[in-house]
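# Breakdown of the fold
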Amino acid sequence: MIPPKPASRPDGASLFSYLRLFRRDILSAQPARLYRAWMAAFRTPFFRSYLCNDPALIRRVLQDRPADFPKSQRITEGLAPLLGRSVFVTNGEEWLRQRRIIDPAFEGGRMRAAFPAILAAGQAAVARLPEGAVEIEAAASHAAADVIFRTLFSLPIEDRVAQAVFHEFRTYQRTQPILNLAAFLPLPAWVPRLHRRATRRSAATIRRLIGQMTEARATAIAAGTAPDDLATRIMTTPDPVTGSRFGTAEMVDQVAIFFLAGHETSASALSWALYLLASHSAAQDRVAVEAAAMTEDFASLATLRFTRDVFREALRLYPPVPMMVRETAKPEEMRGRAVPKGAQIVLSPWHLHRHERLWANPDGFDPDRWQTEAGKSSARDAYLPFSSGPRVCPGAGFAMLEGTLLLALLVRSFRFDVVEGRVPVPVAHLTVRGKDGIWLKASRRSNP
Ligand code: HEM
């Protein structure tokens, strides 16, 4: 069975209908040829953008000369009221310093320290999940938010402030329906950037709550009573170059992006992985066997090989971040075309991961491909769920651990089946979601 893929738009749609489709959903607004093309140019009256699927071009943008392809400030300004000057939106020296402080907190060795907190969040998710038809994205969101609070601040989601942040994020997303990828493409400079009042208010509430958490933490660090978690680690790590640390205010920006980037994305990947298993029962049985033998310590992660491949395959078919945008800092030549300074360069994991010339059986669910030479070679050229190069997702290792573990814990305790008549249609909001959610039937296994 081929997993759900949105219909592409017919070739030759008018510019007006393209823009209309685009605002509704960026995935179904694209023509099918993008699954075969190496590069495609879009000219609209407002911007020029170039979608690159050529692995050599992607390497140039992300790895070889990233400084010549910075993040476009116009694109990220939609998130400014919430994210301030967080590492997700900055460029140049400011961004470099932030990464020097953040990256050590996510190094391999630190993941072992984070494991018990992630395990506890997974066990709580299993205990919370009801039987019967469930909208799994909501459950996964709850679980992923719990993971973030426990690992960052040693607080479970039941904590009063953690709860308040989680709920306010939902409100934030409701008040900002344009928080989809269309909002990430630059508008002409004369379009006023009105952030709705409710969105601004919601962003301010989130930042106030996060501010309380970071201030409390700064006090605990000063008193020598702070737990050894990600927040303490990040707030006490000096920049190895300048010796400076994050102040409390700077830390609020970073916590906001850890929360947003770390929970929406993981929740999306986990939900799609569960849907894929519900619709492929032989694969689900294999995950259940692996999970049943798991011993719940850090070392047992190495035994979850097939489960990890299922999670990788879910990230391939439904990359939570379906597109990334950069801007040319100077004129470039790309595949023989002159690309002007200031052009938008769109890198699309969504198209790359399903590219017909780069993957065998591109739309099929085949977790075993990850153990084949052909699969590994396709992945080297055409697999970017976490981006790559210096701006790669700092949470990639964390997210792989979390996704594999939560998948195993859930499938060990529950059998998941599809709900008749509810095939989720992927749409790109901030992450790739099911248009009307992702519904699954959960039944407790008798001997988990
Ligand atoms: C399945 C889960 C995740 C996926 C698919 C994912 C994917 C990505 C991608 C594609 C980017 C690059 C975006 C761009 O350059 O435009 C990114 C950046 C980022 N991610 Fe993740 N992410 C995940 C989980 C996490 C987690 C758990 C954290 C932290 C706890 C995190 C923190 C960040 C941060 C801070 C950035 C900005 C890095 C920078 O610009 O230098 N992510 N992520």
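Residues numbered from 1 in each chain as written. Predicted model: local features only at pLDDT ≥ 70, side-chain atom pairs only at ≥ 80, totals over all residues. Heavy atoms only, no water.

## What to know about the overall build of the protein chain
Regarding its fold elements, the protein chain presents 16 helices and eleven strands. Out of the 448 residues in the protein chain, the part that is buried amounts to 56%. Expressed as a percentage of contacts within the protein chain between residues at least 6 apart in sequence, the contacts between residues at least 24 apart total 74%. Here the protein chain displays about 18,500 Å² of accessible surface, and carbon together with sulfur accounts for 56% of that area. (Helix = DSSP H or I, 4+ residues; strand = E, 2+ residues; numbered from the N terminus. Buried < 20%, exposed > 50% of the residue type's maximum accessible area, 1.4 Å probe, protein only. Contact = heavy atoms within 4.5 Å. Areas by Shrake-Rupley, 256 points an atom, 1.4 Å probe, with all protein chains shown as cover.)

## Observations regarding the site of the ligand
Near the ligand, the surroundings consist of 25 residues, among which Trp95, Arg99, Arg326, Arg391 and Cys393 are the closest. Arg99 places a side-chain nitrogen or oxygen 2.7 Å from an oxygen atom of the ligand. Take Arg326: an N or O atom from its side chain is 2.7 Å from an oxygen atom of the ligand. Mapped by element, the contributors of at least two residues to the shell around the ligand are helix 5 (92-102), helix 11 (248-278), strand 4 (324-327) and helix 16 (396-413). No other element matches helix 11, which puts five residues into the shell around the ligand. (Near = heavy atom within 4 Å. Polar contact = N/O pair within 3.5 Å; in protein donor to acceptor, adjacent residues only side chain to side chain.)

## Comments concerning the nonpolar core
One finds Val165, Leu274, Met334, Ile345, Leu405 and Phe416 to be the most contacted residues of the largest nonpolar core, which totals 131 residues. Top element by residues in this core is helix 11. It accounts for 18 residues. When sequence neighbours within four positions are dropped, the list of residues in contact with Leu274 reads Ile136, Leu407, Leu410, Val411, Phe416 and Leu440. (Core = buried A, V, L, I, M, F, W, Y, C linked by side-chain atoms within 4.5 Å.)

## Notes on the coordination of the iron atom of the ligand
Just one protein ligand coordinates the iron atom of the ligand, and it is Cys393 (SG) at 2.3 Å. Inspection of the secondary structure puts Cys393 in the loop between helix 15 (373-382) and helix 16. (Donors = N, O, S within 2.8 Å, 3.2 Å for Na, K, Ca; no water.)

## Some points on the packing of aromatic side chains
Evaluated as defined, the whole model comprises twelve aromatic pairs. Geometrically, the ring pair formed by Tyr318 and Trp350 is tilted, given 6.3 Å between the ring centres and 55° between the ring planes. Separated by 32 residues along the polypeptide, Tyr318 in the loop between helix 13 (305-317) and strand 4 and Trp350 in helix 14 (residues 349-352) bring together distant segments of the chain. Trp350 sits in the buried class, given a relative accessible area of 0%. Clustering of aromatic rings is evident, with ring pairs tying together Trp272, Tyr275, Tyr318 and Trp350. Taking the ring centre of Tyr35 as reference, the NZ or CZ of Lys5 above it sits at 3.9 Å. The ring centre of Phe88 lies 3.6 Å from the NZ or CZ of Lys71, which sits over that ring. (Phe/Tyr/Trp six-rings, centres within 6.5 Å; stacked < 30°, edge-to-face > 60°. Lys NZ or Arg CZ within 6 Å of the ring centre and 35° of its normal.)

## As for the confidence of the model for the protein chain
Note that predicted coordinates carrying low pLDDT should not be read in detail. Per-residue confidence for the protein chain averages 88 on the pLDDT scale, and 88% of its residues sit at or above 70. In this model residues 186-194 is a low-confidence stretch, pLDDT under 50, and it forms 13 contacts with partners more than four residues away in sequence or in other chains. (pLDDT = per-residue confidence, 0-100.)

## Brief notes about the pairing of strand 11 (residues 439-444)
Of the strand pairs in this sheet, strand 3 (residues 132-135) and strand 11 are connected by four bridges, and their pairing is antiparallel. Of the residues in strand 11, the one forming a bridge with Gly132 is Ala442. For strand 8 (residues 414-418) and strand 11, the ladder comprises five bridges, and the chain directions are antiparallel. Paired with Arg415 across the bridge in strand 11 is Ser443. (Pairing = 2+ DSSP bridges.)

## Focus: the side chain of Thr404
Relative to the helices and strands, Thr404 resides in helix 16. Looking at Thr404, its side chain comes within polar contact range of the main-chain oxygen of Met400, at 2.7 Å.

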